[in-house]
Each structure stands twice: as C-alpha cells, then as structure tokens.
Amino acid sequence: MIPVNEYDIAIIGAGPAGLTAALYAGRSKIRAVVIEAKAPGGQLLNTELIEDYPGFKSILGGDLAAVMLAQAEQFGAEMVYSPVNRIRVEDDGTKVIETDAGEYRAPAVIVTAGGNPRKLDVPGEVELAGRGVSYCAVCDGAFFEGLELAVIGGGDAAVEEAIFLTRYASKVTLVHRREQFRAQPILLEEARNHPKIEILVNKVIVSIDGDHKVTHLQLRDALSERTSRLDVGGVFIFVGFIPNTSLIDTHVDHDAGGYYLTDPMTMMTNVPGIFAAGDVRAQLTRQITTAVGDATTATLAASKWVEERARGHQDTALQVMAEASADGGWVA
Ligand code: NAP
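Remember, predicted model here, so these are calculated numbers, not experimental data. (Residues numbered from 1 in each chain as written. Predicted model: local features only at pLDDT ≥ 70, side-chain atom pairs only at ≥ 80, totals over all residues. Heavy atoms only, no water.)

One open sheet accounts for five strands, arranged β12-β19-β13-β14-β15; its pairing is parallel. This sheet does not close on itself; its edge strands, each paired only once, are β12 (133–134) and β15 (197–200). (Pairing = 2+ DSSP bridges. Helix = DSSP H or I, 4+ residues; strand = E, 2+ residues; numbered from the N terminus.)

The next point concerns the site of the ligand. Within the structure, the ligand sits among 18 residues, and D156, E160, R178, R182 and Q287 are positioned closest to it. One of the backbone N or O atoms of G155 is found 3.4 Å from an oxygen atom in the ligand. A157 is positioned with one of its backbone polar atoms (N or O) 3.0 Å from an oxygen atom of the ligand. Partitioned by chemical class, the residues of the shell around the ligand number four nonpolar, seven polar and seven charged. (Near = heavy atom within 4 Å. Polar contact = N/O pair within 3.5 Å; in protein donor to acceptor, adjacent residues only side chain to side chain. Nonpolar A, V, L, I, M, F, W, Y, C, P; charged D, E, K, R; others polar.)

Turning next to the packing of aromatic side chains. Each aromatic ring pair is specified by the distance between its two centres and by the angle formed by the two planes. The final tally for this structure, using the stated rule, is five aromatic pairs. When the centroid spacing of 6.3 Å and the interplanar angle of 35° are considered together, the rings of Y7 and Y104 count as tilted. Highlighted residues: Y7 in the loop between β1 (4–6) and β2 (9–12) and Y104 in strand β9 (residues 102–106), separated in sequence by 97 residues. Comparing Y7 with Y104, the two get one shared label, buried. Seen from their ring centres, F144 and F236 are 5.2 Å apart, and the 70° between their planes marks the pair as edge-to-face. Here the residue F144 occupies a position in the loop between α3 (137–140) and β13 (148–152), and F236 occupies one in strand β19 (residues 234–237), the gap between them amounting to 92 residues. Assessed through its relative accessible area of 0%, F236 is described here as buried. Cation over ring: R27 sits above F75, and NZ or CZ is 4.8 Å from the ring centre. In this structure, K119 packs its charged tip against the face of Y135, placed 4.8 Å from the ring centre. (Phe/Tyr/Trp six-rings, centres within 6.5 Å; stacked < 30°, edge-to-face > 60°. Buried < 20%, exposed > 50% of the residue type's maximum accessible area, 1.4 Å probe, protein only. Lys NZ or Arg CZ within 6 Å of the ring centre and 35° of its normal.)

To continue, consider the pairing of strand β14 (residues 171–175). Along β14, four of the five residues are buried, which leaves the element largely enclosed by surrounding structure. Direction of pairing for β13 relative to β14: parallel, over a ladder of five bridges. Bridge pairing in β14 links A150 to T173. Bridge analysis of β14 against β15 gives four bridges, and the strand direction is parallel. Bridging from a neighbouring strand, T173 pairs with E198 of β15.

Quick look at the sheet that holds strand β16 (residues 203–209) now. With antiparallel pairing, the three strands of this open sheet are ordered in space as β16-β17-β18. Each edge of the sheet is formed by a strand with only one pairing partner; in this case those strands are β16 and β18 (227–231). Averaged over neighbouring strand pairs, the angle between their axes works out to 30° when direction is ignored. (Axes fitted to C-alpha atoms, helices over the stretch in contact; angles between N-to-C directions.)

Let us now look at the state of the cysteines. Within the structure shown, the criterion is met by one disulfide. The disulfide partner of C136 is C139, and the gap between their sulfur atoms is 2.0 Å. Where C136 bonds to C139 through sulfur, the torsion about that S-S bond is close to 70°, and the disulfide is right-handed. (Disulfide = S-S within 2.5 Å.)

On to unusual backbone geometry. Within the chain, D121 stands out as a residue other than glycine whose phi angle is a positive 70°. Of note, D121 is situated in the loop between β11 (115–117) and β12. Not every positive phi belongs to a glycine, and E225 is a case in point at roughly 70°. Looking at the secondary structure, you find E225 in the loop between β17 (216–221) and β18. The partly exposed category is assigned to E225, whose relative accessible area is 48%.

The next thing to look at is helix α6 (residues 288–310). Helical geometry note: an α-helix holds 3.6 residues per turn, so side chains three or four residues apart project in the same direction. Look at α6: 33 Å from first C-alpha to last across 23 residues, which is about the 33 Å you get at 1.5 Å a residue. Note on α6: the residue one or two positions beyond its end, G312, has a positive phi of about 85°. (Expected span 1.5 Å × (residues − 1).)

Before going further, it helps to spend a moment on the nonpolar core. I9, M68, I110 and F275 are the most contacted members of the largest nonpolar core, which totals 38 residues. Those elements that provide at least two residues to this core are β2, α1 (16–27), β3 (32–36), α2 (61–74), β10 (108–111) and α6. With nine residues, the single largest contributor to this core is α6. Discounting chain neighbours no more than four positions away, the residues touching F275 are A108, V109, I110, V111, T266, M267, M268, T269, A298, A301, A302 and W305. (Core = buried A, V, L, I, M, F, W, Y, C linked by side-chain atoms within 4.5 Å. Contact = heavy atoms within 4.5 Å.)

Turning to α1, a few remarks are in order. Spanning twelve residues, α1 covers 16 Å between terminal C-alpha atoms, matching the ideal 16 Å at 1.5 Å per step. Summarising burial for α1: ten of the twelve residues are buried, a large majority. On the buried face of α1, the contacting elements are β2, β3, α2, β6 (78–81), β10 and α6. One or two positions beyond α1, positive phi appears at K29, with a value near 60°.

What follows is the structure in structure tokens.
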C-alpha cells in the first residue's frame, strides 16, 4: 500500500528557490512538503564561491545551501529526499506527486526543480564523459591540477568557471562560438585580464578527442571555416541549461527552451495551482537572488490561492490578483 500524504503546497526541488519557498511556507504556517531528489542546495552545490548574494560578501555555495536549509527547517520545513517520477493533476485540481517514497497530494505545487547542463552534442562528448569531459568545475576541477583546460561557452557559467579553474589549470582557454558574450561584463573583464586565461571567439567545437581520456579538441572557425586543433587535458562544458519541466503530465505553457511561462504577479502558470520559481521559469536573468525572489512571490501567492480555493473561488491567477489587490496586497 502506497502511503498518501496530504499537504497545502508541495515544493518540488530544494535549491535556493525551493528552500525559500519552504521558509515562507513554514513562517506562514502552511502545511508544505519539499521533495528533493538529491541533496539540498541545487546548483549552489556546484558553485565554489558566491559573491553576488546580498548579505554575504562572499560565501561558499555549500555553506549558503546549509544556512538556507537550516533556516527553512527552523520554521518546520518538511523534507523528503526522493526523485519525483511524475506529477499528475486530478479532475478536482489536486496535484499528485509520485515519488519513489510514495505519493504526496496538494492543491498547489511550486515547481523549483532547476535543471541540468545542456550537452554540446559533439562526437567524443559522451564517450569521454568523466574522462576529461566535465560539466562541474567545483566537482572535478581538482582532478586537473597543472593541466591545460578548455572551457566552452560564453555565458556567466562559462566565464565564472573558467576563472575558477585557473586555481588548478596551468592555462584555461575559453572557447566561444561568436564574438558577443552573454556573460556579465565584470566577469568577462576579469577573465580577459587573467594571466592564465586565453579567449578564443568564433570557434565551434567539432569534436572532443582522445583514446582513453581527452587529449585535444577539433575547432572550426565560424568565419573562415578553417579547422584547428586545441591540445587540452580536459574540457568543461557550460553551454546553458535544460529546465526540469517535463514532470507534469498535463500541458503547462512554456517557451521554446521549455521554461514555464508564469504570471509575473503570482508566478502561477496557466494551470491553476501550479506555480514555478527559479531556473524553471522563463525570465531574463537566472540568479540566486531572482530564484529567491520568485519563490517568495510564488509561495505567498500559492498560500493565498489555496485559501481562496478552499473558499470556493475561481482557480485563476487573475482571480487571485483581483482578490489580492482588493485586499490591499497579500502580506504586510
Ligand atoms: P547561458 O547564459 O544560456 O549561456 C550559454 C552559452 O553557451 C552562450 O554563450 C551560448 O552561446 C553557448 N552555447 C549554447 N549552445 C552552444 C553550443 N551548441 N555550442 C557552443 N556554445 C553554445 O547559460 P549559463 O552560462 O549556463 O547561465 C544560465 C543562467 O544562469 C543565466 O541566466 C546566467 O546569468 C545564470 N548564471 C549566473 C551566474 C552569476 O551570476 N554568477 C553564474 C552562472 C549562471 P550564444 O551566446 O552564442 O548563444
């Protein structure tokens, strides 16, 4: 017999967004459960040093995760560590979260499930994964002491991790497929000025090569089409992110990248009672601060929505917003 657990809100994922949702749910005395497949912290655990989270001049990712968890637990966060296999929506609107640890039922779900690194999809990437191909500098950087490394990508992650990897590598070549970078200018400037970093632009990765471990990359110049070889002992790939938005078995509106579209006032998706926060949500920026902000809004809106639903009101974001503005806002 599968145990059935009833909650007001189920929070899917315990990264910064999920732990913030847990904190706000706990403080609002909402009955909430946080379901996390791995360890609490999400991408904080893949980040060495965080310097852009207000209140901490700099803090280790793992330490920030531990503080966030402790703070959420202090207010009664109930944690379940189990992969979510599926979320189904029953006819009466109840969301059923199916996990290896049993089923969890709630009228409202806040999806804070983050995502996974996008693959480059070139020959050698799968074959040499774990043998010189990595997607996590904090996890694997120390294995590459004294070697020359390549970092692929032009976003914040690539530039930040290229800088981080200079601790171990004798040289880091940052390889980007075009001239313009998405990364913040302050990070890019730091990389440009770093004596151990070389930046190659307009270079497309053709293949990752090596017999038993990575020895070199084949590159193609995007302008001249000429190919070249880059000798490296390892390659770190940071070419974006694929959001974990395939768990729900009903259609949720999303953009071309699979990110959930949400109402900006409430973080509710088009499906009544399904909210999204953090890296699963379509938005311009994906920072710890924005994840935390999304989750705050989503949780306060979700708790209001659960209340309204219990009173028999219409299950739409518009209705929730109208109620809220008539009340002068949700929370003092
Ligand atoms: P991102 O901003 O989407 O950047 C991905 C990069 O990979 C882009 O430069 C893209 O090139 C490149 N790329 C994509 N597919 C590629 C391919 N097949 N071959 C070669 N290059 C490819 O992703 P991200 O850096 O992982 O960051 C994800 C989000 O997290 C962003 O919102 C970012 O701001 C945030 N983040 C913030 C911080 C921070 O603030 N400290 C740190 C890490 C991440 P094009 O530009 O040509 O498309």
